[in-house]
Amino acid sequence: MVTIENQELSASIHPKGAEMQRLFSRTYELEYMWDGDPAFWGKHSPLLFPIVGTLKGNIYYYEGKAYSLPRHGFARDREFTVESQRPDAVTFLLGSDEQTRAVYPFDFELRVGYRLVSNKISVTYQIRNPSTEPMYFSVGGHPAFRVPLVAGTEYTDYYLEFDGIEETPRWPISKDGLIERESQPLLQDTAVLPLRKELFAQDALVLKHPISNGITLRSGITERGLRMDFPGFPFLGIWAAPNADFVCIEPWCGIADPVDSDQQWIHKEGVNQLEGGGVFQRTWTLSVL
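Below is a short write-up of the structure.

What counts and how
- Residues numbered from 1 in each chain as written.
- Predicted model: local features only at pLDDT ≥ 70, side-chain atom pairs only at ≥ 80, totals over all residues.
- Heavy atoms only, no water.
- Phe/Tyr/Trp six-rings, centres within 6.5 Å; stacked < 30°, edge-to-face > 60°.
- Helix = DSSP H or I, 4+ residues; strand = E, 2+ residues; numbered from the N terminus.
- Buried < 20%, exposed > 50% of the residue type's maximum accessible area, 1.4 Å probe, protein only.
- Pairing = 2+ DSSP bridges.
- Polar contact = N/O pair within 3.5 Å; in protein donor to acceptor, adjacent residues only side chain to side chain.
- Axes fitted to C-alpha atoms, helices over the stretch in contact; angles between N-to-C directions.

1. Digging into the packing of aromatic side chains
- Scanning the entire structure with this criterion turns up 22 aromatic pairs.
- With centroids separated by 4.9 Å and ring planes inclined at 55 degrees, the aromatic side chains of Tyr62 and Phe106 adopt a geometry described as tilted. Here Tyr62, found in strand E6 (residues 59–62), pairs with Phe106, found in the loop between helix H1 (98–101) and strand E10 (109–117); they are 44 residues apart in sequence, far enough to count as distant. Side by side, Tyr62 and Phe106 carry an identical accessibility label, which is buried.
- With 6.5 Å between their ring centres and 80 degrees between their planes, Tyr125 and Phe233 make a pair best called edge-to-face. With Tyr125 in strand E11 (residues 120–128) and Phe233 in the loop between strand E19 (226–229) and strand E20 (235–239), this pair connects stretches of sequence that are 108 residues apart.

The structure is reproduced here in structure tokens:
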């Protein structure tokens with residue numbers, strides 16, 4: 001485990017998957033990350049790469065050849081190396097190898113950087129294409145936060161507040177983990193999504209192109225909460241395991257296959273193309289309140 005600290009925060013990140021497992025406020029003496037109880041969901045903040053969500057049949061085709069990837073890809077299960085570290089920041093690196101090329105035929109350098117500034121932690125995904133040929137990928141976060149945050153409060157005391165008034169529907173997920181053809185109403189002329197565990201009875205809430213670039217977890221009973229800013233992430237997932245005391249706020253550059261996908265990699269919704277020698281970078285930031 002790698003720990004970074006400043007006067008207000010302490011964060012612990014495991015090299016496996018470069019996964020943040022703790023975010024502790026020294027100011028409020030409060031842990032913000034889900035504890036990873038395996039009775040509900042044994043992860044904390046997995047990294048999604050080179051896909052977000054599920055492929056139709058767990059298969060995609062590129063240049064006439066079939067490849068298989070599990071849900072959310074392989075990065076979350078790989079050991080990253082620590083490329084650089086200082087007391088308040090660390091960068092992890094994963095590179096392509098024979099094992100990755102067997103399921104994903106592209107060379108890549110994937111860096112995940114964590115940096116503390118005051119009451120904020122920034123999480124940066126940087127993908128570099130070291131080859132001369134274009135590569136295609138998706139990337140995203142899956143962080144889970146404790147709800148309720150404070151003793152004496154309940155799950156339904158909390159809500160998510162978007163930065164702007166939203167008219168954003170949800171895109172349902174099929175039993176096979178794919179995006180259905182038709183959306184369903186979710187947010188209608190409101191910025192507020194009250195939390196209740198029944199919201200996730202049919203898997204995650206998947207939003208495409210919300211107006212807002214930020215969400216705040218709030219409660220009318222306590223001032224404690226958190227804010228996530230995610231500029232440049234066109235998709236958003238909100239999820240919790242059944243009856244679990246957490247909520248995931250998931251910024252994505254990518255999305256699961258639709259039920260009618262043709263399974264062609266370069267046609268995939270939300271796939272990012274990166275030319276040879278190019279660099280792709282996105283950052284989301286958490287502020288503890």
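2. Describing the sheet that holds strand E1 (residues 2–5)
- Strand order in this open sheet of 4 strands is E1-E2-E3-E4, and the pairing throughout is antiparallel. Of all strands in the sheet, those with a lone pairing partner are E1 and strand E4 (30–31), marking the two edges.
- Two strands pair when backbone bridges link them, and E1 and strand E2 (residues 9–14) are joined in this way by 4 bridges, in the antiparallel orientation. The residue of E2 that forms the bridge with Thr3 is Ser12.

3. Some remarks on the side chain of Ser25
- Along the chain, Ser25 falls in strand E3 (residues 19–25).
- Accessibility expressed as a relative area gives 1% for Ser25, which makes it buried.
- One polar contact links the side chain of Ser25 to the main-chain amide nitrogen of Tyr28, over a distance of 3.0 Å.

4. A few points about the sheet that holds strand E8 (residues 81–86)
- If you walk across this open sheet you meet the 9 strands as E8-E9-E10-E11-E23-E19-E18-E15-E16, and the pairing is antiparallel. Among the strands making up the open sheet, the edge pair consists of E8 and strand E16 (190–194). Strand after strand, the sheet turns through a mean of 15 degrees between neighbouring axes, direction not considered.
- Examined bridge by bridge, E10 and E11 share 9 bridges and lie antiparallel to one another. In the sheet register, Arg111 faces E11, and the bridge partner there is Gln126.

5. Considerations on the pairing of strand E7 (residues 65–68)
- The pairing of E6 with E7 spans 4 bridges and is classified as antiparallel. Each residue of the ladder has a partner; that of Tyr61, found in E7, is Ala66.
- Hairpin remark: E6 followed by E7, antiparallel, with 2 residues in the connecting loop; positive phi at Glu63, about 50 degrees.

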